[in-house]
Structure formats: structure tokens, C-alpha cells
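Residue-level structure breakdown
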Amino acid sequence: MNAIFTRHSVREFLPKAVERETIERILKAAFQAPSAHNRQPWEFLVVTGRADREAIAGMSPWAKLCSGAAAVIACCANLKRGDPRHENPAAQTTEEALWVQDLSAATENALLQITEEGLGGVWLGWYPEETRVEPFRKYFKLPDHIIPVSLIALGYPAKESHSKDRFDPARVHYESW
Ligand SMILES: Cc1cc2nc3c(=O)[nH]c(=O)nc-3n(C[C@H](O)[C@H](O)[C@H](O)COP(=O)(O)O)c2cc1C
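Residues numbered from 1 in each chain as written. Predicted model: local features only at pLDDT ≥ 70, side-chain atom pairs only at ≥ 80, totals over all residues. Heavy atoms only, no water.

1. Remarks on the site of the ligand
We count it as follows: Here, proximity means that at least one heavy atom of the residue falls within 4 Å of the molecule or strand. Counting of polar contacts relies on pairs of N or O atoms within 3.5 Å, with two restrictions inside protein: one atom must be capable of donating a hydrogen and the other of accepting it, and residues adjacent in sequence are counted only when both atoms are side-chain atoms. Basically, the charged four are Asp, Glu, Lys and Arg, the nonpolar ten are Ala, Val, Leu, Ile, Met, Phe, Trp, Tyr, Cys and Pro, and anything else, Gly included, counts as polar.
Every residue near the ligand is listed here: R7, H8, S9, R11, W62, V122, W123, L124, G125 and R166. Within the side chain of R7, a nitrogen or oxygen atom sits 2.9 Å from an oxygen atom of the ligand. R166 places a polar side-chain atom, nitrogen or oxygen, 2.9 Å from an oxygen atom of the ligand. Among the residues making up the shell around the ligand, the classes are represented as 4 nonpolar, 3 polar and 3 charged.

Here it is as C-alpha cells:
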């Protein structure tokens, strides 16, 4: 799959909107991600309005670029789907580690589709940094069981850029370490 090898982070965007159908194809790609027990514990909040993107930009020094993006997609975990502790806080489980992985797979799928569409995007780590999670949850009035795990800022790239080959055979171990 070529997008895997051409995907790279894009942080500067043209002032041009991304069509709704394109956003939907990106989200369809995210929904195709694998997930533990096939729980698909994801929900997505798509933010295009300037004031809302600027509010996100103010929530983290790493999110400033959101003000110039065409859209921000918040990839959120729905704990009702992804974490048995939501119903039973006493449950002994490591499910949190799994929904973080599930949302990460969905985030990467979305980034690959963004590449396929000729757009650019960047993954912004959000959870578990409370100074980002809490303002975001408050601003967008997210229900208690919805956790913003990662954000994707996307749009038409402002300049040409390319991925780099990072393969390092010295860090691959066959059969034994
Ligand atoms: C979990 C995670 C969190 C990230 N958070 C940020 C971020 O807050 N701001 C940012 O500009 N890039 C962020 N990135 C993008 C990385 O900086 C980028 O993927 C890395 O430098 C490799 O470059 P590439 O994406 O161009 O291959 C994040 C990536 C991941 C996987």
C-alpha cells in the first residue's frame, strides 16, 4: 500500500475547505481499523469552524497549527463500548490499554486515507495529557464516557514535502533477540 510509505506529517495548510464527502471517506477508513474483541470503541468529532479550531489551538502548544487546518478530527474513545470498568469500576482489567490501541489504529487508518486523498495531516497526541483532555471535553461538552484520545489536523498541504525511509534492519530480530 503506497500510502504507508508516502504518509508523513503535514503541519501547514492552504486556506481551502475539505469537502464533506472526502471527510466521510477518511472516517470510513478509520472505522475499518482492527479493534480488541471487535469492540470498535471509537467516535469522531469533526471540527471545521474557525472559532472552534482556534479554541483547540489554544489548548496545547502542539495544537497551534489547528487554527490553520481545514478540519480537526478528534478520535474519541467511547468507554461504554471499550471499557468494562465504565459499568463496573471494580472490574480488574487492562482494557484502557486496549482502547488506546484501538483508537491509535483508527487514527493511523484515517491518516493513510488522508494521504490517499492527496491531503496532508498530522496526529496530535491528546490522551492521557489531562491539560489537553479536560479543556477539550469541557469546550465541546463531551459526555463523561467519551475521551478524546488523538486529534488529526488536516487540509490541503501548503507546500510540497515527502516521507523519509526509516527502515533499520539492525532493529529487526528474527526468531530470537
Ligand atoms: C502519539 C503521537 C502523538 C503526536 N503528537 C504530535 C503533536 O502533538 N504535534 C505534532 O506536531 N506532531 C505530533 N505527532 C506527529 C509526530 O511528530 C510525527 O509522526 C513524527 O515526527 C514522524 O514524522 P512523520 O509523521 O512525518 O513520519 C504525533 C505522533 C504520534 C504517533
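Back to the text.
2. Quick look at the packing of helix α2 (residues 20-31) against helix α5 (residues 95-116)
Here is the rule: Interaxial angle, 0 to 180 degrees, is taken between N-to-C directions of lines fitted to C-alpha atoms, where a helix line uses only the stretch in contact. A run of H or I in DSSP becomes a helix once it reaches four residues, and a run of E becomes a strand once it reaches two; helices and strands are each numbered from the N terminus. Crossing handedness is defined as follows: a turn of the near helix away from the far one that is anticlockwise and smaller than a right angle gives a left-handed crossing, while the clockwise case is right-handed. Here a residue-residue contact requires only that any non-hydrogen atoms of the pair lie within 4.5 Å.
Viewed as axis vectors pointing N to C, α2 and α5 meet at an angle of 140°, and their least axial separation amounts to 7 Å. Every pair of crossing elements has a handedness; the one defined by α2 and α5 is right-handed. Residues R25, I26, A29 and A30 of α2 form the contact with α5, whose own contacting residues are A106, N109, A110, Q113 and I114. For the contact of α2 with α5, the residue count by class is 6 nonpolar, 2 polar and 1 charged.

3. So, the packing of aromatic side chains
We count it as follows: Ring pairs shown here join Phe, Tyr and Trp side chains whose ring centres sit within 6.5 Å, with only the six-membered ring taken for Trp; geometry is labelled stacked below 30 degrees between planes, edge-to-face above 60, and tilted in between. Burial status follows relative accessibility: with a 1.4 Å probe on protein chains alone, a residue under 20% of its type maximum counts as buried, one over 50% as exposed, and anything between as partly exposed. Put simply, a charge is over a ring when the Lys NZ or the Arg CZ is close to the ring centre, within 6 Å, and near the line of the ring normal, within 35 degrees.
Under the criterion given, the structure shown has 5 aromatic pairs. Plain terms: the ring middles of W126 and F136 are 6.1 Å apart, the flat faces sit at 75° to each other, and that makes the pair edge-to-face. Highlighted residues: W126 in the loop between β3 (120-125) and α6 (130-139) and F136 in helix α6, separated in sequence by 10 residues. Here W126 and F136 have matching classes, each one buried. These aromatic residues form a ring-pair network of at least three members: W126, F136, Y139 and F140. Sitting above the plane of the Y156 ring, K16 keeps its charged end 4.1 Å from the centroid.

4. Digging into the pattern of salt bridges
In plain terms, the rule: We count a salt bridge whenever a side-chain nitrogen from Lys or Arg sits within 4 Å of a carboxyl oxygen from Asp or Glu.
Scanning the entire structure with this criterion turns up 7 salt bridges. A salt bridge links K159 to E12; the shortest N-O distance between them is 3.0 Å. Residue K159 is found in the segment after β4 (146-155), and its partner E12 is found in the loop between α1 (2-6) and α2; the two are separated by 147 residues along the sequence. Looking at E12, the relative accessible area reads 44%, which means it is partly exposed. Between E134 and R137 there is a salt bridge, with its nearest N and O atoms 3.4 Å apart. One end of the pair, E134, and the other, R137, are both in helix α6, 3 residues apart, so they sit about a helical turn from each other. For E134, a relative accessible area of 35% translates into the label partly exposed. Residue classification places R137 among the buried residues on the basis of a relative accessible area of 12%. One salt-bridge network, held together by shared partners, links E134, R137 and D144.

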